[in-house]
Amino acid sequence: MSTRRTFLLATSGLALSSVAPRLLAQPRFDKSPFTLGVASGYPQPDGIVLWTRLAPDALNGGGMPDAAIDVTWEITDSESFRNVVRKGVERATPELAHSIHAEISGLQPARVYWYRFHVGGATSAVGRFRTAPATGAASDKLRFALASCQQYEQGYFSAYRHMAREDLDLVIHVGDYIYEASWGSNRVRSHGVGEPMNLTEYRNRYALYKSDADLQAAHAAFAWLVTWDDHEVDNDYANDRSQDLDPPDEFLRRRAAAYQAYYEHMPLPAWARPRGPDARIYTQAGFGQLARVFVLDDRQYRSHQVCPRPGRGGSTVVKDADCPERRSPDLTLLGAEQERWLHDALDKSTARWNIIAQQTLMAKQTRITGGEQGYWTDGWDGYPQARERLLGHIAARKVSNPIVLGGDVHNAIVADLKVDFDDTKSPVIATEFVGTSITSQGPNQKITEAARQNNPHLKFSNGTQRGYTAFDVTPAQCNARIRTLSRVTDPQATVSTLASFTVAHGKAGAQPDSA
Ligand code: FE
Ligand code: CA
């Protein structure tokens, strides 16, 4: 593997160029280059990452000259920008599609700041973020929203318009930020083109999604932490294997293009910049003594899904008798290195709440097919020993108040997590909240309800509504409100709370709030 990747790096054309591009000292724009908005991410007690991309013709490659351009950023402590507290210049280069990832330090902890960019006489929209509390600070609250799965064609991003109006410190996005493919019924808008395969096509797909005003509003309103799932590259991919079993070298070239476009469009720090088909994006973020967030990557390093259909990669549903390999301890969802890192990071955490943000449903969710339990091989049910290792570690080390966040299944699920799901007496050791999707169509409620009844540790499961989940964490409790839209195909959709749950400090398992 490493030999192949080194070869790819050298020949893919995505490797860093040793020749610096020409600098355009005094750019002039016919129209604003800030068409994709602004974003911030990865808040620290003294710093933040500020993002924008210069793209006057965003949907067609960007429309920028083949030259570097210096962009000015400024940060203020009041919305009027009367008192600029930090100011600097960041170079936008064609290599990174003229995106900016300005890593700012020297800020005060737990403070709200506003920011904007200037270039060639144009000024960007204003963004806002809050820095994290100081590491040792006994902060009294953390508010964040959980989002995932935003198929552009299946609805409007109204969930983000409503999210932007909440009082939040953070947004956590757990994947399917773009979709590579068109699918589903009742589409209200169109990708306009087929699946992206190369860097230009992935850039144009991100530009299409990021041209949405509601999505821009949620980025401008709060700092984000992000991870990807499969659709940022290709449905159901696993490591170097695509669902169509493309030659791995070919698929890794596609993955490199997709990862680079992802980096170019997210407020990620420079350490997350891809090197060919490899990009480390898993990380942790502290919020005083109150909470620590662990952001995982369960796509890049995972074992291939077991027992695929003949001639295919990707997922399927299997029964135990037909697929004993599923229980192999050799299977990994995170990869050995990330798994070790996570165990170690959980051991070292002194936070009251430990929030594990990952892609998909962690709880067991079997479906009965032909009188037997069926397991979906793309989720944690396809990697049960890996799940047992993680939950076993959490139980053995008595990790303080573990909360698992997920997405992927387009279904709002609240679950009790156990080391042994088959034993109803096995203690509840962590609490899971899977968000519904921003737009992507969900499962039939009859199937969902049957699965819930078949899996008693699932306390709530509703895939009929689109939206996000809003969390309110205090030293005493973690409250989750499932916020859903009146209708995802209505650009003026309203939002309401479908259900809400609370986890008390020291007692794993969410309890429904009385209405
Ligand atoms: Fe999805
Ligand atoms: Ca997915």
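Rules used in this analysis
- Residues numbered from 1 in each chain as written.
- Chains lettered and ligands numbered in written order.
- Predicted model: local features only at pLDDT ≥ 70, side-chain atom pairs only at ≥ 80, totals over all residues.
- Heavy atoms only, no water.
- Disulfide = S-S within 2.5 Å.
- Helix = DSSP H or I, 4+ residues; strand = E, 2+ residues; numbered from the N terminus.
- Pairing = 2+ DSSP bridges.
- Axes fitted to C-alpha atoms, helices over the stretch in contact; angles between N-to-C directions.
- Donors = N, O, S within 2.8 Å, 3.2 Å for Na, K, Ca; no water.
- Tetrahedral: all angles 85-135°; square planar, octahedral: opposite > 155°, others 65-115°.
- Buried < 20%, exposed > 50% of the residue type's maximum accessible area, 1.4 Å probe, protein only.
- Phe/Tyr/Trp six-rings, centres within 6.5 Å; stacked < 30°, edge-to-face > 60°.
- 1 Å grid on protein atoms, 1.4 Å probe; cavity = no way out; pocket = protein on both sides within 12 Å on 5 of 7 lines; lining within 4 Å.
- Points joined across faces, edges and corners; volume = space filled by probe spheres on them.
- Nonpolar A, V, L, I, M, F, W, Y, C, P; charged D, E, K, R; others polar.
- Domains from an automatic or database assignment.
- Contact = heavy atoms within 4.5 Å.
- Buried area = accessible area lost by both parts, 1.4 Å probe.
- Salt bridge = Lys/Arg side-chain N within 4 Å of Asp/Glu carboxyl O.
- Polar contact = N/O pair within 3.5 Å; in protein donor to acceptor, adjacent residues only side chain to side chain.
- Left-handed = near helix turned anticlockwise from the far one by under 90°.

### Quick notes on the state of the cysteines
Next, step 1: Within the structure shown, the criterion is met by one disulfide.
Next, step 2: Covalently, Cys307 is tied to Cys323 through a disulfide, its sulfur atoms 1.9 Å apart. What sets the handedness of the Cys307 and Cys323 disulfide is the S-S torsion sign, and at about 90 degrees it is right-handed. Remark: Cys323 occurs in the loop between β14 (317-319) and α6 (336-348) and Cys307 occurs in the loop between β13 (291-295) and β14; sequence separation between them is 16 residues.

### Some points on the sheet that holds strand β20 (residues 430-434)
Next, step 1: Reading across from one edge, β12-β13-β15-β18-β20-β19-β21 is the order of the seven strands in this open sheet, with mixed pairing throughout. Strand pairing shows two members of the sheet lacking a second neighbour, β12 (283-287) and β21 (458-462), which therefore form its edges. Each adjacent strand pair in this sheet contributes to an overall mean axis angle of 15 degrees, direction not counted.
Next, step 2: One ladder, built from five bridges, connects strand β19 (residues 412-417) with β20; its direction is antiparallel. Note that in β20 the partner of Val414 across the bridge is Phe433.

### What to know about the coordination of the iron ion (ligand 1)
Next, step 1: Within the protein, Cys149 (SG), Asp176 (OD), Tyr179 (OH) and His410 (NE2) serve as the donor atoms for the iron ion (ligand 1), at 2.0 to 2.5 Å.
Next, step 2: Given four donor atoms and angles of 86 to 170 degrees at the metal, the environment of the iron ion (ligand 1) is assigned as irregular.
Next, step 3: Look at where the donors of the iron ion (ligand 1) fall in the sequence and you get C-x26-D-x2-Y-x230-H.
Next, step 4: Between the iron ion (ligand 1) and the calcium ion (ligand 2), the interatomic distance is 3.8 Å, and Asp176 donates to each metal, bridging them. With respect to class, Asp176 is no different from Tyr179; both count as buried.

### Description of the coordination of the calcium ion (ligand 2)
Next, step 1: All of the protein donors around the calcium ion (ligand 2) are Asp176 (OD), Asp229 (OD), Asp230 (OD) and Asp408 (OD); their distances to the metal are 2.2 to 2.7 Å.
Next, step 2: Sequence positions of the residues that donate to the calcium ion (ligand 2) give the spacing D-x52-D-D-x177-D.
Next, step 3: Under the relative-accessibility criterion, Asp176 is labelled buried at 1%.

### Observations concerning the packing of aromatic side chains
Next, step 1: Taken as a whole, this structure holds 22 aromatic pairs when the rule is applied.
Next, step 2: An angle of 25 degrees between the planes, with centres 6.5 Å apart, marks the rings of Phe34 and Phe117 as stacked. Separated by 83 residues along the polypeptide, Phe34 in the loop between α1 (2-11) and β1 (38-41) and Phe117 in strand β6 (residues 112-119) bring together distant segments of the chain.
Next, step 3: Look at Phe34 and you get buried, because its relative accessible area is 10%.
Next, step 4: According to the relative accessible area criterion, Phe117 is buried, its value standing at 0%.
Next, step 5: Ring geometry for Tyr179 and Trp183: centres 5.9 Å apart, planes at 50 degrees, overall tilted.
Next, step 6: The exposure class assigned to Tyr179 is buried, which follows from its relative accessible area of 0%.

### Regarding the layout of surface pockets
Next, step 1: A volume near 630 Å³ is recorded for the largest pocket.
Next, step 2: Along the walls of the largest pocket sit 30 residues, with Arg367, Trp376, Asp408, Val409 and Pro443 positioned nearest its centre.
Next, step 3: Examining the composition of the lining of the largest pocket, we find that three residues originate from one element, helix α8 (residues 445-454), more than from any other.
Next, step 4: Estimates place the volume of the second largest pocket at around 320 Å³.
Next, step 5: Along the wall of the second largest pocket there are 23 residues; nearest its centre are Tyr42, Pro43, Gln44, Trp271 and Gln284.
Next, step 6: Residue contributions to the lining of the second largest pocket peak at five residues, all from β12.
Next, step 7: Looking at side-chain class alone, the lining of the second largest pocket contains 13 nonpolar, eight polar and two charged residues.
Next, step 8: Residues from two domains meet in the lining of the second largest pocket; each of domain 1 (22-129) and domain 2 (133-512) gives at least three.

### Notes on the domain arrangement of the protein
A common way to express how large an interface is: the accessible area buried when the components associate.
Next, step 1: Split by domain assignment, the protein resolves into domain 1 (22-129) and domain 2 (133-512).
Next, step 2: Placing a centre on the C-alpha atoms of domain 1 and another on those of domain 2 gives a separation of 29 Å.
Next, step 3: Every contact between the two is made by 32 residues of domain 1 and, on the other side, 32 residues of domain 2.
Next, step 4: Interface area for domain 1 against domain 2, summed over the two sides, is near 2600 Å², with a carbon-plus-sulfur share of 58%.
Next, step 5: Among the residues of domain 1 in contact with domain 2, Tyr42, Leu96 and Arg128 are the three that bury the most area, contributing 26% of the side total.
Next, step 6: Taking the shortest distance from any N to any O, the salt bridge between Arg273 and Glu95 comes out at 4.0 Å.
Next, step 7: Connecting domain 1 to domain 2 are 14 residue pairs in polar contact (both at pLDDT 80 or more).
Next, step 8: Elements with a minimum of two residues in the side of domain 1 that touches domain 2: β1, β2 (48-53), β5 (99-104) and β8 (127-130).
Next, step 9: Here the side of domain 1 that touches domain 2 is composed, by residue class, of 19 nonpolar, nine polar and four charged.

### Focus on the packing of helix α3 (residues 199-210) against helix α5 (residues 248-265)
Next, step 1: Where α3 meets α5, the axes come as close as 8 Å, and the angle between the chain directions of the two elements is 35 degrees. Judged by the sense of rotation from one axis to the other, the crossing of α3 with α5 is right-handed. The segment α3 lies against α5, with Leu199, Tyr202, Arg203, Tyr206, Ala207 and Lys210 engaging Arg254, Ala257, Ala258, Gln260, Ala261, Tyr262, Glu264 and His265.
Next, step 2: Looking at the contact of α3 with α5 residue by residue, the classes come out as eight nonpolar, two polar and four charged.

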